[in-house]
Amino acid sequence: MISRMLMMCANNQSTPQCVDGFLTYVNNYYLNYGIADITITQDLTSLYVLDSTNFRVKWYDRNATTGAVTIANSFSTLSEYPDFILSSPLDANDVVQSIYVWSRTVDSTNLFYVSTYERTPNAGSWDLNLTGKEQVNLSGAEFYSKPILSPNGSNAYSLGQTTNYQNPQPVIITYGSPPNAGMYVQSVLNLQTIGTGDLIEISPDGKHLYMLGADELRIFSRNLSTGILTFISPLSTLNRSYTTASLLFSPDSLSVYIVDTSSSSPSYSTIDKYSRDDSTGALTYVSTFSTGVDIRNAVISKNGQSIYTENIPFLSHYIVTSNAITFSDSVALSQFGITNGLTPVVGFLSYDSKFLYHPDVTNNMPYF
């Protein structure tokens, strides 16, 4: 499975944490349990952690100014192993209403579920109440990568494989997410004749979904009203065959960056830039930047002016302009007392781009 979850400090804040793109270590929390995934709400008030040791979601009240978090409560995920967690976009009142959890049974039934929890205010904090639970597929499914939400939160998508062991089928599952109701499986797109990939992403304008595999990028148009996907065609103009990669979009949806995260020394990782036709979704190769390092994960800043990467044992910053990608700076993790190389389980950037929370495999959660 490709980890696409590393999120890093964006170079668009005049704060000590984000001056000229540099990361500043702030603090570390020892969570005392395994971490499957995390999310921060877009209203900046809560951080949710999937506890893979006790099969729970634990949530923390969050100080948007300092980034500090305080344990608020926890609840069981119905005896299922938690895999992924997402939070809905802001509503008309600038409040995040829903939290979505993907989980699976740990017995021979091998069933997968998506559960919806409603956030309700409680004495300055928040409570969560289960409002819906949907089985993902009648025969179960194996997820290839973390599910993604559409820009307006009306749909979610997951890439995986049905667990019919005699005839497994690669699929993209489309979920509906109506306001004030539980997320449900809306449709299942069989990829048997289309081909599959390792990750999916949606363009910021919501018009297209891209599925990246080792050999080519497949493009789907997306109905903005229903969320239903229609396969257009495989892309034939990729500059290279990507082993594993991150797929990043500029905020205006007109540029796409494919970060090759393979560790095929001496080739190392590259950042390939493509222009995007926002009508057809087609990509056209523009240029390649060779990093000289082995990148594991990457993310683009919210203003599109920086790309941040994790290349153990460093976090690196690249400046993006209309004409070029250039290396800016790196920070060595060892200077913060992080000795295990921060092999990530997850990482998450706060929606105001001021703080990065990056749990590691030793159950620590340093943030920058």
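So, a few notes on the structure that sits alongside this text. (Residues numbered from 1 in each chain as written. Predicted model: local features only at pLDDT ≥ 70, side-chain atom pairs only at ≥ 80, totals over all residues. Heavy atoms only, no water.)

### Here's the deal with the side chain of Gln 169
Piece 1. Its place among the elements puts Gln 169 in the loop between β12 (155–162) and β13 (170–176).
Piece 2. When its relative accessible area of 14% is taken as the criterion, Gln 169 is described as buried.
Piece 3. Only 3.2 Å separates the side chain of Gln 169 from the side chain of Asn 190, close enough to count as a polar contact.
Piece 4. Beyond its immediate chain neighbours, meaning those up to four positions away, Gln 169 contacts Gly 160, Gln 161, Thr 162, Asn 190 and Gln 192. (Helix = DSSP H or I, 4+ residues; strand = E, 2+ residues; numbered from the N terminus. Buried < 20%, exposed > 50% of the residue type's maximum accessible area, 1.4 Å probe, protein only. Polar contact = N/O pair within 3.5 Å; in protein donor to acceptor, adjacent residues only side chain to side chain. Contact = heavy atoms within 4.5 Å.)

### Concerning the side chain of Asp 43
Piece 1. You can see Asp 43 is positioned in the loop between β2 (35–40) and β3 (46–51).
Piece 2. Since its relative accessible area comes to 16%, Asp 43 is described here as buried.
Piece 3. A polar contact of 2.6 Å, which involves the side chain of Asp 43, links it to the side chain of Thr 41.
Piece 4. Within the local environment of Asp 43, its side chain forms a polar contact with the backbone nitrogen of Val 96, the two atoms lying 3.2 Å apart.
Piece 5. Excluding its chain neighbours within four sequence positions, the residues that come into contact with Asp 43 are Leu 90, Asp 94, Val 95, Val 96, Arg 119 and Trp 126.

### Side note on the pairing of strand β5 (residues 69–76)
The side chains of a regular strand alternate, first on one face of the sheet and then on the other.
Piece 1. The sheet contact formed by strand β4 (residues 56–62) and β5 spans seven bridges and is antiparallel. From the neighbouring strand, Arg 62 faces β5, where its bridge partner is Val 69.
Piece 2. The turn linking β4 back onto β5 is made up of six residues, and Gly 67 within it adopts a positive phi angle of 85°. (Pairing = 2+ DSSP bridges.)

### Here we look at the sheet that holds β2
Piece 1. With antiparallel pairing, the four strands of this open sheet are ordered in space as β2-β3-β4-β5. The open sheet has two edge strands, β2 and β5, and neither has a second partner. Between one strand and the next, the sheet's axes are offset by a mean angle of 20°, whatever the strand orientation.
Piece 2. Here β2 runs beside β3; their pairing, made up of five bridges, is antiparallel. For Ile 38, the partnering residue across the bridge sits in β3 and is Val 49. (Axes fitted to C-alpha atoms, helices over the stretch in contact; angles between N-to-C directions.)

### Observations concerning the pattern of salt bridges
Piece 1. This structure, assessed with the given rule, holds six salt bridges.
Piece 2. A salt bridge links Asp 37 to Lys 146; the nearest nitrogen and oxygen atoms lie 2.9 Å apart. A residue pair is termed long-range when its members are at least 10 positions apart, and Asp 37 in strand β2 and Lys 146 in the loop between β10 (141–143) and β11 (148–149) qualify at 109 residues. (Salt bridge = Lys/Arg side-chain N within 4 Å of Asp/Glu carboxyl O.)

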